[in-house]
Number of protein chains: 2
Amino acid sequence: MAAAMDHAGLAVLTFEECLELVAASGVGRLAFLADGEIEILPVNYTVDGSAVAFRTATGFKLEAAVERAVVAFEVDAYDEIERTGWSVLIKGRAEVVSEPDVVRRLESSGLRPYAAVPKPEWVVIHPNTITGRRIPAAG
Amino acid sequence: MAAAMDHAGLAVLTFEECLELVAASGVGRLAFLADGEIEILPVNYTVDGSAVAFRTATGFKLEAAVERAVVAFEVDAYDEIERTGWSVLIKGRAEVVSEPDVVRRLESSGLRPYAAVPKPEWVVIHPNTITGRRIPAAG
């Protein structure tokens with residue numbers, strides 16, 4: 001079945017395709033409002049069901065985002081030679097995880113931050129919407 | 001000279017390093033507010049002085065962003081094997097370009113959208129701030 005196209009000429013990904021692409025990737029970008037400005041923070045993440053989870057240092061500016069209703073999380077991949085690519089956008093609520101059972105499950109994912117600084121907190125994004133687009137291959 | 005480190009253990013990039021990295025890359029992510037939610041839109045771009053310029057289709061949702069005071073534009077690169085990477089965040093004002101001289105200069109960059117849909121409009125982001133971080137190589 002041909003994928004639906006949007007007004008920008010991009011193929012609309014299904015929910016399942018979005019989840020598969022996010023699960024197969026490792027770095028995404030969290031966008032949130034802090035002091036009235038949009039911040040964008042790249043993080044490496046793991047997937048927990050349909051939620052995205054990542055580590056953060058205590059007292060980080062991210063906590064401002066957690067208090068906000070909705071954050072955005074984007075994952076993509078592009079090939080500048082083939083001129084193709086895809087992106088998935090998750091909008092949802094960010095939450096610092098405190099339940100020991102959930103922390104234990106997340107720890108078992110083996111996710112560790114790239115940088116050497118300790119990041120003891122786990123943040124989970126509970127998706128409200130997951131949408132994605134793919135650039136169709138040139139004909 | 002050793003780079004300054006931030007509280008997250010990341011090396012702080014200089015303004016010049018940020019500009020060089022952005023100029024050497026081709027795809028970034030524009031984050032803007034639309035209907036009270038953060039949207040993130042990947043775009044391929046060119047650099048015009050210290051500004052970032054990209055094409056968009058007429059009547060796109062982006063126009064909501066242009067009316068806003070500040071948008072954010074992020075460029076990054078990560079190596080999941082080496083566990084290194086960098087990101088640059090530009091905050092600034094987005095503007096649809098109407099001056100023929102500027103359009104002509106931008107057209108001469110040769111930038112063309114990945115997708116086949118016509119994108120006649122040029123949008124320029126005039127930076128207020130440009131900041132960047134690099135993950136130091138593991139010791």
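Residues numbered from 1 in each chain as written. Chains lettered and ligands numbered in written order. Predicted model: local features only at pLDDT ≥ 70, side-chain atom pairs only at ≥ 80, totals over all residues. Heavy atoms only, no water.

## Here's the deal with the interface of chain A and chain B
A common measure of how large an interface is: the accessible area buried when the components associate. Across the boundary between the two partners, chain A contributes 35 residues, which contact 35 residues of chain B. Buried surface at the junction of chain A and chain B, summed over both partners, amounts to about 3,200 Å²; 64% is from carbon and sulfur atoms. Taken together, the connections running from chain A to chain B amount to eight salt bridges. Two residues, Glu-39 of chain A and Lys-91 of chain B, come together in a salt bridge whose shortest N-O distance is 2.5 Å. Where chain A touches chain B, the interface holds eight residue pairs in polar contact (both at pLDDT 80 or more). Elements that contribute at least two residues to the side of chain A that touches chain B include exactly strand E2 (27-34), strand E3 (37-48), strand E5 (71-79) and strand E6 (84-96) of chain A. (Contact = heavy atoms within 4.5 Å. Buried area = accessible area lost by both parts, 1.4 Å probe. Salt bridge = Lys/Arg side-chain N within 4 Å of Asp/Glu carboxyl O. Polar contact = N/O pair within 3.5 Å; in protein donor to acceptor, adjacent residues only side chain to side chain. Helix = DSSP H or I, 4+ residues; strand = E, 2+ residues; numbered from the N terminus.)

## Quick word on unusual backbone geometry
Trans peptide bonds make up the majority, and among non-glycine residues the majority have a negative phi. Backbone geometry places Asp-35 of chain A, a non-glycine residue, at a positive phi of 55°. For Arg-83 of chain B, which is not a glycine, the phi torsion comes out positive at approximately 60°. Take Arg-83 of chain B: it is sitting in the loop between strand E5 (71-79) and strand E6 (84-96).

## A few points about the relation of the copies chain A and chain B
Under the fitted operation, chain A is carried onto chain B by 0.0 Å of movement along the axis and a turn of 180°, and the coordinates agree to an RMSD of 0.0 Å. Expressed as an axis order, the relation between the two copies is that of a two-fold axis. Taking C-alpha positions as the reference, the residue of chain A nearest the rotation axis is Ala-31 of chain A, at 3.7 Å. Looking at chain A, 100% of its interface residues are interface residues in chain B too, so the copies touch through the same face. (Least-squares fit on C-alpha atoms with pLDDT ≥ 70 in both.)

## Focus on the confidence of the model for chain A
Residue and element names in this part refer to chain A. Per-residue confidence for chain A averages 87 on the pLDDT scale, and 88% of its residues sit at or above 70. Within chain A, no element has a lower average pLDDT than helix H2 (residues 62-66), which sits at 63, and none a higher one than helix H1 (residues 15-23), at 96. On the interface metric, ipTM, the complex scores 0.90, and its pTM is 0.91. (pLDDT = per-residue confidence, 0-100.)

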